[in-house]
Amino acid sequence: MADVTGATIELEQLTKRYPGSANPAVDSVSMEIAAGETVVLVGPSGCGKSTTLRMVNRLIEPSSGRIRIGGEDVTDIDPVKLRRRIGYAIQSSGLFPHLTVAENIAQVPRMLGWGKQRIRDRVEEMLDLVGLDPREFHDRYPRRLSGGQQQRVGVARALAADPPVLLMDEPFGAVDPITRDHLQDELIRLQHELHKTIVFVTHDFDEAIKLGDRIAVLREQSRIAQFDTPEAILTNPADDFVSGFVGAGAALKRLNLTRVRDVGVAEYPAVSADEPLQVIFNRLRIGGVSELMVLDRHRRPYKWLRRGDLARARGSLARAGTPVTHTVSRDATLRDALEAVLTDSSGRVAITGRRGEYQGVVDMETLLNSVHELLEADRLAALEGQEELIGHQQPHTRQELEGQ
Amino acid sequence: MITRAKLLTTPAVLAAVLLATYLWIVNAPLDSIERNALEGGQVRLYLWQQVELTAVSTFFVLVLALPAGVLLTRRFARPAAPLAVVLANLGQATPAIGLLALLTFWLGIGARTALVAMVAYAVLPVLSNTMAGLRAIDPALLDAAKGIGMSPPGVLARVELPLAVPLILAGVRTALVLNVGTGTLASFAGGGGLGNLITAGITTQRTRVLVVGAVLTVCLALLVDWLASLAELRLSPRGLE
């Protein structure tokens, strides 16, 4: 994270009280968000998460408390100027239907008084960034876009003036599950490039796990039930409310948080299909393995070859062995890998690199071991975190735990 | 949506009707009263007065009703909205001729009095349509507009008004047509216009004079309506269909 472009956000005892209601809608929320961090506010509907978010750019004026962005107290500055420095994306995109895609994206730069050419270049850049072809989409009207495309344009508009902070209010709430999944992946990719500070509101806990560096689980009046990493919340929910919200299958959800590349890909003997048959035969006989991975010309997984397969196929490599049906990339989650391992008859799955080239395998045993390790590490980290909170901090704890 | 055929039908029909009326009058033997009423550029003068009455009254309707419509949809003025609509309703519900008669007592005789009555009569459609157009905008859009940093005047100018244009224009169109109609009553207040021909035709029992006045009024109303429909087509923001 060398080039963090985000800014810190500090909320200090932020409270919103509506006239005529006994309880505040948001009751004294304090939160510190690091620059470049993605924080997801998650909670049941009506818990005040949106209100909290909308107080950050003062679409809702707080009744009391302070907001600091990048260290600057913005509680009393001109809200219009403040909002031009903060990206804002909402559910159902909020695009202006009477303006083209390009005009929608250009709104904030125009208000900031950018030159025409600079705006034009920026619009192209933003369309590219969110994966829409500028030539095709530049002059379209929002009504002529699918829900997912509208949402991409909405994100492009929010990012157009390169704000350090991005607020997103259930931005993917109104699109179908498949598109939502795509958009989430895109946001992760964007954030990887941009390192903005993102505050994201959702009621979908799975979305929170997927996107958040940290998650704030909120109960009514926006009281923070737990504010921690997804791993910590999954393995060590603070109370019944949080575990209720996490829902069943926490261990399975945990698998979504770790990538295949993090658990170590095991080497497994492989041979190119271009090799002479005799070489392959010898490798199988002497290599000490009962099965070989055969790769095609581009070094992609082609088929599994067992001892005896060649003999049964009368020496024809084309007919011998079992074709590889499932492969998993290094960036896939452990959950994807588990799925592939479970469906594969050999109990292992081939791992591929960026261009589909073979890199090794992951098998059931590796998965089981790494999941156990992960869960144990999470548990210890959470315990440690609790101890720090309580104040019984022991200087050795960290080393002791890591020594285990 | 207006099709090309419909776009051309109205002017064609109007031209035919006007031509027929013209030929009928030119070829008919007119007596002295009829000649008095129809010759010497009288018809052109009345027609022009009628156009003027319509244009000026519509101008004032816009000047009054558009800002009022905008104001009454702002948060701070919302409590006043029902009262304003009641007032505007009153203006339209009162029979125009009665209103005109009452105003003559107050303002005296002349085109000014007629204009006041016409404006009072036509404010409602523009006002209510402006308010309806502004209220019909998805609140999420206004939230987005504010959220990306538009100032309240910016939201109004760049989001609210453009999106309300179709409804506002429909209201203006109604007001224009109403004003052509009520403009004929201006003659009762000494305001001139095609009403002069119609009343002259009735009092002197000369059907031809009456028919010329009536045909011109109807054609003017339809022409204005047609022009307004063109303006709607032209001014409605793209991307809304």
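All values derive from a computational prediction rather than experimental measurement.

1. Section: the overall build of chain A
Summing up its helical and strand segments, chain A has 17 helices and 17 strands in all. Referenced to the eigenvectors of the C-alpha coordinate spread, the extents of chain A come out at roughly 85 × 60 × 35 Å. Residue burial in chain A is summarised as follows: out of 404 residues, 40% are buried.

2. Concerning the sheet that holds strand β16 (residues 348-352) of chain A
Residue and element names in this part refer to chain A. As summarised here, the arrangement of the 3 strands in space is β15-β16-β17, forming an open sheet in which the pairing is mixed. Looking along the sheet, the strands with just one partner apiece sit at the ends: β15 (327-329) and β17 (358-363). This sheet shows a mean twist of 40 degrees between the axes of neighbouring strands, independent of strand direction. Pairing analysis gives 5 bridges linking β16 to β17, with the strands arranged antiparallel. Looking at the pairing, V349 lines up with V362 of β17. Running at roughly 135 degrees to β16, helix α15 (residues 334-343) makes contact with β15, β16 and β17 of the sheet.

3. Considerations on the nonpolar core
Among the nonpolar cores identified, the biggest contains 125 residues, and I105(A), A156(A), L167(A), V199(A) and V123(B) are the most heavily contacted of them. Here the element with the most residues in this core is helix α6 (residues 111-135) of chain B; it accounts for 14 residues. Dropping the residues within four chain positions of it, A156(A) is found in contact with I105(A), M126(A), L127(A), L129(A) and V130(A). Within the second largest apolar cluster, 26 residues are counted, among which are L305(A), L310(A), V341(A) and I351(A).

4. Concerning the confidence of the model for chain A
Overall, the predicted model of chain A reaches an average pLDDT of 85, with 94% of residues at or above 70. Here residues 392-404 of chain A scores under 50 on pLDDT; set against residues more than four positions off or in separate chains, the count is 8 contacts.

5. Quick notes on the sheet that holds strand β13 (residues 301-306) of chain A
All names here are of chain A. Read across the open sheet, the 4 strands follow the order β11-β12-β13-β14; overall the sheet is mixed. Of all the strands in the sheet, the pair left with one neighbour each is β11 (270-272) and β14 (322-323). Note that β11 and strand β12 (residues 291-295) share 3 bridges and pair parallel. Its bridge partner lying in β12, V271 is registered against V294.

6. Points about the environment of A157(B)
All names here are of chain B. The topology assignment puts A157 in helix α8 (residues 152-183). A count of 12 C-beta atoms within 10 Å places A157 in the exposed class. Considered as a pair, A157 and A65 are 92 residues apart in the sequence and their alpha carbons are 17 Å apart.

7. Thoughts on the pairing of strand β9 (residues 214-219) of chain A
Residues and elements named next belong to chain A. Of the pairings in the sheet, the one linking strand β3 (residues 38-42) to β9 comprises 4 bridges and is parallel in character. In the strand pairing of β9, V42 is matched with V217. Bridging between β9 and strand β10 (residues 223-228) involves 5 bridges; their strand directions are antiparallel. Its bridge partner lying in β10, L218 is registered against I224. Joining the antiparallel neighbours β9 and β10 is a turn of 3 residues, in which Q221 adopts a positive phi near 60 degrees.

Cut-offs and rules
- Residues numbered from 1 in each chain as written.
- Chains lettered and ligands numbered in written order.
- Predicted model: local features only at pLDDT ≥ 70, side-chain atom pairs only at ≥ 80, totals over all residues.
- Helix = DSSP H or I, 4+ residues; strand = E, 2+ residues; numbered from the N terminus.
- Buried ≥ 20, exposed ≤ 12 C-beta atoms within 10 Å, placed from the backbone.
- Pairing = 2+ DSSP bridges.
- Axes fitted to C-alpha atoms, helices over the stretch in contact; angles between N-to-C directions.
- Contact = placed C-beta atoms within 7 Å.
- Core = buried A, V, L, I, M, F, W, Y, C linked by C-beta atoms within 7 Å.
- pLDDT = per-residue confidence, 0-100.

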